[in-house]
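Residue strings, one per chain:
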Amino acid sequence: MRFPFLVGLIRESFIKVPEPPVQPFFKPGDYVEVLAQIHEELESCSPQERSNLYLFQYQLFKGLGEAKLMRRSLRSAWLKGSTVHEKLVFGAWLKFERQGEELISDLLATCGKCAQESGQIDVSSDLDIDISSSSRETVSMMNGSHILRSVSFKIGDEKIVCDRQKIASLSAPFHAMLNGCFSESLCEHIDLSENNISPLGFRAISEFSITGSLNEESPNVLLEMLIFANKFCCERLKDACDRKLASLVSSRDDAVELMECALEENSPVLAASCLQVFLQDLPDCLNDDRVVEIFSHANKQEKMIMVGPASFSLYCLLSEVAMNLDPQSDKTACFLDQLVESAQTNRQKLLAFHQLGCVRLLRKEYDEAERLFEAALNAGHIYSVSGLARLGCIRGHRLWALDKLSSVISSGTPLGWMYLERSLCCEGDRRWEDLEKATELDPTLTYPYMYRAAALMRRQNVQAALAEINRILGFKLALECLELRFCFYLALENYQAAICDVQAILTLSPDYRMFEGRVAASQLRTLVREHVENWTTADCWLQLYDRWSSVDDTGSLSVIYQMLESDAAKGVLYFRQSLLLLRYALKF
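Residues numbered from 1 in each chain as written. Predicted model: local features only at pLDDT ≥ 70, side-chain atom pairs only at ≥ 80, totals over all residues. Heavy atoms only, no water.

Trainee: Hey, could you run me through the packing of aromatic side chains in this one?
Mentor: The relative placement of two aromatic rings is captured by the distance of their centres and the angle of their planes. One pass over the full model with this rule turns up 14 aromatic pairs. On the basis of an interplanar angle of 45 degrees and a centroid distance of 4.7 Å, the ring pair of Phe26 and Phe56 is categorised as tilted. With Phe26 in the loop between helix 1 (4-15) and helix 2 (31-44) and Phe56 in helix 3 (residues 47-64), this pair connects stretches of sequence that are 30 residues apart. We note that Phe26, like Phe56, is buried. Seen in terms of ring centroids, Tyr447 and Tyr451 are 6.1 Å apart; in terms of plane orientation they differ by 35 degrees. Their pairing is tilted. In this pair, Tyr447 and Tyr451 both sit in helix 26 (residues 446-458), four residues apart, roughly one turn of the helix. Joined through ring pairs, the aromatic side chains of Phe153, Phe174, Phe202, Phe228 and Phe232 make up one cluster. Note that Lys87 overlies the ring of Trp78, its terminal NZ or CZ placed 4.8 Å from the centroid. (Phe/Tyr/Trp six-rings, centres within 6.5 Å; stacked < 30°, edge-to-face > 60°. Helix = DSSP H or I, 4+ residues; strand = E, 2+ residues; numbered from the N terminus. Buried < 20%, exposed > 50% of the residue type's maximum accessible area, 1.4 Å probe, protein only. Lys NZ or Arg CZ within 6 Å of the ring centre and 35° of its normal.)

Shown next, in the form of structure tokens:
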């Protein structure tokens, strides 16, 4: 071995292939039955329920790894969204899913598709709010003959003369104060200096009472007016200020500053506009502690102001983005706590419980993870038994975990993952048998192939080990399987084959890190290239032709990766690369 510092890592990968994580996905006992049930419900449900059903369908396809069907479900949720909030959430979700596809998005935008799905929504125009009739209700007048036509309000050292009846029409409290039995109904001058409104702000309020519309005011003045309107129940004025401020939100800083006011003053239009800015900036905005604080600590009332009835959908999106960034982070746990709190239906609860259970397990918060997996299992999510079995093994209760999984297998239709999970509780021949059964029931599970290949390699049965890992790579280009085969080739000092696999890995995931994240794949490629003959452009084309002709997809991806680093014609190469990736359903 010419890489002494890698010897230990490679030997470790042979000794023990890492156990697969408990997936934070919805995995029912019978996919066909659940898909049919969702289809039936979509045909008979109300328009308000459709988006949630499509979201659940998305979660189902996610558990199957069907990327194209996942996006189709998201787009259907966006199309069938019955509220502006749902449009905001699912539009942002579609945009997040298209990360790295800027060229495709630009092309689709020319025909209006992406522009419609993930473009900005004019929240101030599209969000309808039911303005309380209290702003227009009539209060019977007392001492009508004594009521003056005008009234002046003192704000600090200034006096602002207003039409008494116009100001009274702003709200029931003003109407009662100026026309009712209060002493102010007989006063010509009223002091409002202690109500946090400036003379400029009150002049704008007076103008609004006459014209019914706002002039061009500064954001600070609009905020004053909004707070004043909320305090005195001036619903029409508040709505006008709410919408005007919403139209002025243009940056994350604006949104952070104004969201606090929107939640405090119950301003749904402004809150939705701020929310849109945050969602359009995913995942970057989740690196901003101010934004995370808003989402993490919103109470039930604040969530209703911010996102209306789409709270569960919002926290589904935020949780997924956070898990992609770091599944063990505090913000991921906080968002999933909010997801659990937002869950209303049984389906929503089982998904939220299971996902939070997976995160608690990763964070080694075992008691809480057990409680959540139990709750998900009781809600009907059979796959959550895998989390309980892992906890049993961690605590040294392997027999209990084995019995639990055996009971699940015998009580219904057995699935591949059930045998995989039970194999983790066993050793020797019993583990091998369960993994064979898992492959028989679900050939797409990668762990059984990896375990068998590593075991064969430890026994010095090189050809059998390569044949085993090639079984899965023949139809599923899994990164972890390519990484294991790369280790095999490196141990055998077959550097040409090793660089082929690492370049295929970098094609699929440029930032991929190997050996449980300890070494960048790009760094290993640099080291291996020192021991591989450099090909000319002509050699590369010949190699590509040979591999294309023999349907060697991994080899073809590797050669194309190498050629793209040179001055070769990139258009043709990208086209060929796209055909290969399309075969593995990695391209939209």
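Trainee: Could you clarify how one ought to interpret the packing of helix 3 against helix 20 (residues 346-362) in this entry?
Mentor: Two quantities define a packed helix pair, namely the angle between the axes and the distance from one axis to the other. Where helix 3 contacts helix 20, the axes come no closer than 11 Å and their chain directions differ by 40 degrees. In terms of orientation, helix 3 lies oblique with respect to helix 20. Crossing angle aside, the handedness with which helix 3 passes helix 20 is left-handed. Two secondary-structure elements touch here, helix 3 through Asn52, Leu53, Phe56 and Gln59 and helix 20 through Arg347, Gln348, Leu351 and Gln355. Class assignment for the residues of the contact of helix 3 with helix 20 results in three nonpolar, four polar and one charged. (Axes fitted to C-alpha atoms, helices over the stretch in contact; angles between N-to-C directions. Parallel < 35°, antiparallel > 145°, perpendicular 65-115°, else oblique. Left-handed = near helix turned anticlockwise from the far one by under 90°. Contact = heavy atoms within 4.5 Å. Nonpolar A, V, L, I, M, F, W, Y, C, P; charged D, E, K, R; others polar.)

Trainee: Sorry if this is basic, but what is going on with helix 19 (residues 330-342) here?
Mentor: Residue pairs three or four apart in sequence face the same way in an α-helix, which turns once every 3.6 residues. Counted at 1.5 Å a residue, the expected span for helix 19 with its 13 residues is 18 Å, and the 18 Å between its end C-alpha atoms agrees. Considered for burial, the residues of helix 19 that qualify are Lys331, Thr332, Ala333, Phe335, Leu336, Gln338, Leu339 and Ser342. Against helix 16 (289-296), helix 17 (300-307), helix 18 (311-325) and helix 20 lie the buried residues of helix 19. (Expected span 1.5 Å × (residues − 1).)

Trainee: Can you help me understand the layout of surface pockets in this one?
Mentor: A volume near 690 Å³ is recorded for the second largest pocket. Along the walls of the second largest pocket sit 28 residues, with Asn52, Pro309, Ser342, Gln344 and Gln348 positioned nearest its centre. The dominant element in the lining of the second largest pocket, judged by the number of residues it contributes, is helix 3, at seven residues. Of the residues contributing to the lining of the second largest pocket, the split by class is nine nonpolar, twelve polar and seven charged. (1 Å grid on protein atoms, 1.4 Å probe; cavity = no way out; pocket = protein on both sides within 12 Å on 5 of 7 lines; lining within 4 Å. Points joined across faces, edges and corners; volume = space filled by probe spheres on them.)

Trainee: Looking at this structure, I do not really get the pairing of strand 2 (residues 158-163). What am I missing?
Mentor: Moving residue by residue along a regular strand, the side chains alternate between the two faces of the sheet. Sheet topology places strand 1 (residues 150-155) next to strand 2; six bridges connect them, and they run antiparallel. Counted as the bridge partner of Ser150 is Asp163 from strand 2. Remark: two residues form the turn of the hairpin made by strand 1 and strand 2, two consecutive strands paired antiparallel; Gly156 in that turn has positive phi of roughly 65 degrees. (Pairing = 2+ DSSP bridges.)

Trainee: Even after reading the chapter, I still don't get the nonpolar core, so can you show me in this structure?
Mentor: Grouped burial of nonpolar side chains is what soluble globular proteins tend to show. If you look at the biggest cluster of nonpolar residues, it comprises 104 residues, and the most contacted ones within it are Phe202, Phe295, Met306 and Leu314. Top contributing element to this core by residue count: helix 18, with nine residues. Discounting chain neighbours no more than four positions away, the residues touching Phe202 are Phe153, Ile155, Ile160, Cys162, Leu192, Ile197 and Phe228. Grouped together as the second largest cluster of nonpolar side chains are 70 residues, Ile409, Cys426, Ala498 and Tyr561 included. (Core = buried A, V, L, I, M, F, W, Y, C linked by side-chain atoms within 4.5 Å.)

Trainee: Sorry, what's going on with the pairing of strand 1 here?
Mentor: With three bridges connecting them, strand 1 and strand 3 (residues 189-191) associate as parallel partners. By the bridge assignment, Phe153 is partnered in strand 3 with Ile190.

Trainee: Before we go on, may I ask you to explain unusual backbone geometry in this structure?
Mentor: In terms of backbone geometry, most residues other than glycine have negative phi values and most peptide bonds are trans. Across the junction of Leu282 and Pro283, the peptide omega takes the value 0 degrees, indicating a cis bond. One can find Pro283 in the loop between helix 15 (268-280) and helix 16. In this structure, Cys233 takes a positive phi of about 60 degrees despite not being glycine.

Trainee: Looking at this structure, how should I read the sheet that holds strand 3?
Mentor: Two strands in a sheet stick together by hydrogen bonds in their backbones, pointing the same way (parallel) or opposite ways (antiparallel). Strand order in the open sheet formed by three strands is 2-1-3, and the pairing between neighbours is mixed. One side of each edge strand has no neighbouring strand; the edge strands of this open sheet are strand 2 and strand 3. Going from strand to strand, the sheet's axes swing by 30 degrees on average, the running direction of each strand aside. The sheet strands contacting helix 11 (residues 199-211) are strand 1 and strand 2, and the helix crosses strand 2 at an angle near 10 degrees.

Trainee: For this particular structure, what's the right way to read the packing of helix 26 against helix 27 (residues 462-473)?
Mentor: In the contact formed by helix 26 and helix 27, the axes pass within 8 Å of each other and the chain directions differ by 170 degrees. With respect to each other, helix 26 and helix 27 are oriented roughly antiparallel. Where helix 26 abuts helix 27, its residues Thr446, Tyr449, Met450, Arg452, Ala453, Leu456 and Met457 lie against Val462, Ala464, Ala465, Glu468, Ile469, Arg471 and Ile472. Across the contact of helix 26 with helix 27, the residue classes tally to ten nonpolar, one polar and three charged.

Trainee: I would appreciate a short explanation of the pattern of salt bridges in the present structure.
Mentor: One side chain can pair with another of opposite charge once the charged atoms of both are near each other. For the structure on display, the rule yields 24 salt bridges. Residue Glu41 pairs with Arg347 through a salt bridge whose shortest N-O separation is 2.9 Å. Here Glu41, found in helix 2, pairs with Arg347, found in helix 20; they are 306 residues apart in sequence, far enough to count as distant. Residue class for Glu41 comes out partly exposed when judged on its relative accessible area of 26%. With a shortest N-O distance of 2.8 Å, Asp367 and Arg395 are connected by a salt bridge. (Salt bridge = Lys/Arg side-chain N within 4 Å of Asp/Glu carboxyl O.)

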